[in-house]
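# Structural description and commentary
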Amino acid sequence: MPRLGVNIDHVATIRQTRGVKYPDPVAAAGIVELAGADGIVCHLREDRRHIQDRDLRLLREVIQTQLNLEMAATEEMVRIALMTKPDVVTLVPERREELTTEGGLDVIRSSRNLKKVIQRLQKGGIRVSLFVDPKKDQIRASEGVEANAIEIHTGRYCDATTPAQADEELKKILDAVGEASHRNLSIAAGHGLNYVNVRRIAEIREIEELNIGHSIIARAVLVGLDLAVREMISLIR
Ligand code: PXP
C-alpha cells in the first residue's frame, strides 16, 4: 500500500487570492496529519504564488510526519532548503508562466547542475527525489546523479481523454517503474491524481508513495461546503 503525501499548496492559493490570513496551510497540515496522511508536500515557487517563506518555516516546526519540499534546483531554493531542512526535497522544473508543473526534469541535460545540487542537499541531511516523466533514460540518469528517489509524473495518464490513451500512458508508467525498481531508487508518483484515476496507479506494487494535492483540496471545498453554509446561517440568524 503506498504512503500518501498531501500537497497543501492550494490552501495557500485560496488565501493568496485575498491577501488575508486564512485558510492557513499550516492549520491544514495539522488536519491532514490527524486524518492519517503520511506526509505534507508543498512547493515554494520562485514567484511565491501560493506557499510563502513563512508557511515553510512554520510547517517545518509543526509537521510531525514528513515534510517534502518541492522546489526548482536554483541557488536561492537550495539555500532555503539547507536552512529549513525538510525531510525530502523533490526537485521539479519550474516556468513562471505555467499553471502547474508541466513536465518532468530533463535529468540528462541538467545532470551536472543536478548532481551538485543533490550532493549539497544530501550533505545537509536531506533526501532528494527527482520529478521525472515516465521515461527509462530519465530514470537511469536519476540513478546516475545519485538521487535517493524518483517521483514519476502521472500527468499525461491523468489527462488522457480516451481509455486507449489512458492505457498507453499507464504502460509508460509501468515500464518506468520496472526500470526504477531494480535500481537504487525509491519510487513515488504524482500529479493530476484524483478520486477517479488514482486506483490503477495505487495498484502498482512498487510505487511506495503517492503525492496528491489539487483533487483533495478541491474535494474538501465541496464536502465542507454544507457545514460552512449552516455555520454562517446560524451566526447571522
Ligand atoms: N508531485 C509534484 C512533483 C508536483 O509538482 C505536484 C504539483 O505541485 C504534485 C505532485 C501534486 O499534483 P496535484 O496537485 O495535481 O495532485
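Residues numbered from 1 in each chain as written. Predicted model: local features only at pLDDT ≥ 70, side-chain atom pairs only at ≥ 80, totals over all residues. Heavy atoms only, no water.

### Overview of the site of the ligand
The immediate surroundings of the ligand are formed by 13 residues, with Glu-70, Glu-151, Gly-192, Gly-213 and His-214 found nearest. The side chain of Glu-70 places a nitrogen or oxygen atom 2.9 Å from an oxygen atom of the ligand. Within the backbone of Gly-213, a nitrogen or oxygen atom sits 2.7 Å from an oxygen atom of the ligand. Expressed as a share of its isolated accessible area of 400 Å², the protein-covered part of the ligand is 94%. Its residues assigned to classes, the shell around the ligand shows three nonpolar, seven polar and three charged. (Near = heavy atom within 4 Å. Polar contact = N/O pair within 3.5 Å; in protein donor to acceptor, adjacent residues only side chain to side chain. Areas by Shrake-Rupley, 256 points an atom, 1.4 Å probe, with all protein chains shown as cover. Nonpolar A, V, L, I, M, F, W, Y, C, P; charged D, E, K, R; others polar.)

### Side note on helix α4 (residues 75-84)
Taken together, the buried positions of α4 are Met-77, Val-78, Ile-80, Ala-81 and Thr-84. For α4, the arc enclosing every buried residue in end-on projection is 165°, short of the 170-degree limit, so these residues lie on one face. When the buried face of α4 is taken as reference, the exposed residues oriented beyond 90 degrees from it are Arg-79 and Met-83. Where α4 is buried, its residues meet α3 (53-62), β3 (67-71), β4 (88-91) and α5 (111-123). Lys-85, located one to two residues past α4, shows a positive phi value of around 60°. (Buried < 20%, exposed > 50% of the residue type's maximum accessible area, 1.4 Å probe, protein only. Helix = DSSP H or I, 4+ residues; strand = E, 2+ residues; numbered from the N terminus. Arc of directions from axis to C-beta. Contact = heavy atoms within 4.5 Å.)

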